[in-house]
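# Structural features, examined
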Amino acid sequence: PNLTVPEREALEELLAQQKLGKIVIQPADKGSGICIYDREDYEAEAERQLNDTLDDDLGQKRNYYKKVDDNMVKAQYKLIKDTLDEGVEKKYITKDFAKQLLQAKPKAGSLYLLGKVHKEYSGIPKGRPIIPGCGSNTER
């Protein structure tokens, strides 16, 4: 009710483009703004972030991020499940509580970006990388 017809049409077009995978709509890093990225630009910024390097304590260049091996994620899940099972067995926690704490299946965290529109930029704003635990092994 608060949008004019042209505003509503523009919003519907943005949502349609997002559903088609042509754009990415994310909140801005700071403030209450939103960022609308061309998907290719967003993915290029994500790749830049994922391939970024640093100098470690030994002066060696290394990546900030590395892909987590699926076997490591499964091993972590098993360790969590075994720990919860032991807690149930020793009556530290109930079976129902253990079930609430364990995810349905093993899953690593994933990355998304929030645009740093509060900083100067040319082209598209750099992204602040966020790796939430939602749905991952350690969420609960």
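See above for the structure.
My aim in this report is to walk through the structure given alongside it, one point at a time. (Residues numbered from 1 in each chain as written. Predicted model: local features only at pLDDT ≥ 70, side-chain atom pairs only at ≥ 80, totals over all residues. Heavy atoms only, no water.)

### What about the overall build of the chain?
Looking only at helices and strands, one finds 4 helices and 6 strands in the chain. Seen in sequence order, the chain has helices and strands lined up from the N terminus as α-β-β-α-β-β-α-α-β-β. Radius of gyration (C-alpha) of the chain: 21 Å, far over the 14 Å computed for a compact globule of 140 residues. When its C-alpha atoms are laid out on the principal axes, the chain stretches across 60 × 55 × 25 Å. When the 140 residues of the chain are sorted by exposure, 19% land in the buried category. Partitioning the contacts of the chain with sequence separation of at least 6, the portion at a separation of at least 24 is 45%. By element, 53% of the accessible surface of the chain is carried by carbon and sulfur atoms, the whole surface being about 10800 Å². (Helix = DSSP H or I, 4+ residues; strand = E, 2+ residues; numbered from the N terminus. Rg over C-alpha atoms; globule rule 2.2 N^0.38 Å. Buried < 20%, exposed > 50% of the residue type's maximum accessible area, 1.4 Å probe, protein only. Contact = heavy atoms within 4.5 Å. Areas by Shrake-Rupley, 256 points an atom, 1.4 Å probe, with all protein chains shown as cover.)

### Regarding the side chain of Ser 136
Looking at where Ser 136 falls in the secondary structure, it is placed in the segment after β6 (127–130). Judged by relative accessible area, Ser 136 falls into the buried class, the value being 3%. There is a polar contact of 2.6 Å between the side chain of Ser 136 and the backbone oxygen of Gly 133. If we skip the residues at most four places from it in the chain, Ser 136 touches Gln 103, Lys 107, Ala 108 and Gly 109. (Polar contact = N/O pair within 3.5 Å; in protein donor to acceptor, adjacent residues only side chain to side chain.)

### Quick look at the pattern of salt bridges
Within this structure, the stated rule accounts for 7 salt bridges. In this structure, the salt-bridge partner of Arg 128 is Asp 29, at a minimum N-O distance of 2.7 Å. In this pair, Arg 128 sits in strand β6 while Asp 29 sits in the loop between β1 (23–27) and β2 (34–38), placing the two residues 99 residues apart along the sequence. A relative accessible area of 28% means that Arg 128 is categorised as partly exposed. Given the relative accessible area of 16%, Asp 29 is considered buried. The residue Glu 45 makes a salt bridge to Arg 48 at a minimum N-O spacing of 2.8 Å. Taken as a pair, Glu 45 and Arg 48 lie in helix α2 (residues 39–50) at a separation of 3 residues, close to a single helical turn. The buried category is assigned to Glu 45, whose relative accessible area is 7%. Its relative accessible area of 34% is what places Arg 48 among the partly exposed residues. (Salt bridge = Lys/Arg side-chain N within 4 Å of Asp/Glu carboxyl O.)

### Notes on the environment of Gly 133
Inspection of the secondary structure puts Gly 133 in the segment after β6. Residue class for Gly 133 comes out partly exposed when judged on its relative accessible area of 32%. Residues Gly 133 and Lys 107, 26 residues apart in the sequence, show an inter-C-alpha distance of 9.4 Å.

### What about a nonpolar patch on the surface?
A contiguous nonpolar surface patch, about 240 Å² in accessible area, is contributed by Leu 3, Leu 11 and Leu 15. The topology assignment puts Leu 11 in helix α1 (residues 5–19). On the accessibility criterion, Leu 11 (42% relative accessible area) is partly exposed. (Patch = residues over 30% accessible without salt bridge, like charges linked within 9 Å, V, L, I, M, F, W, Y side chains within 5 Å.)

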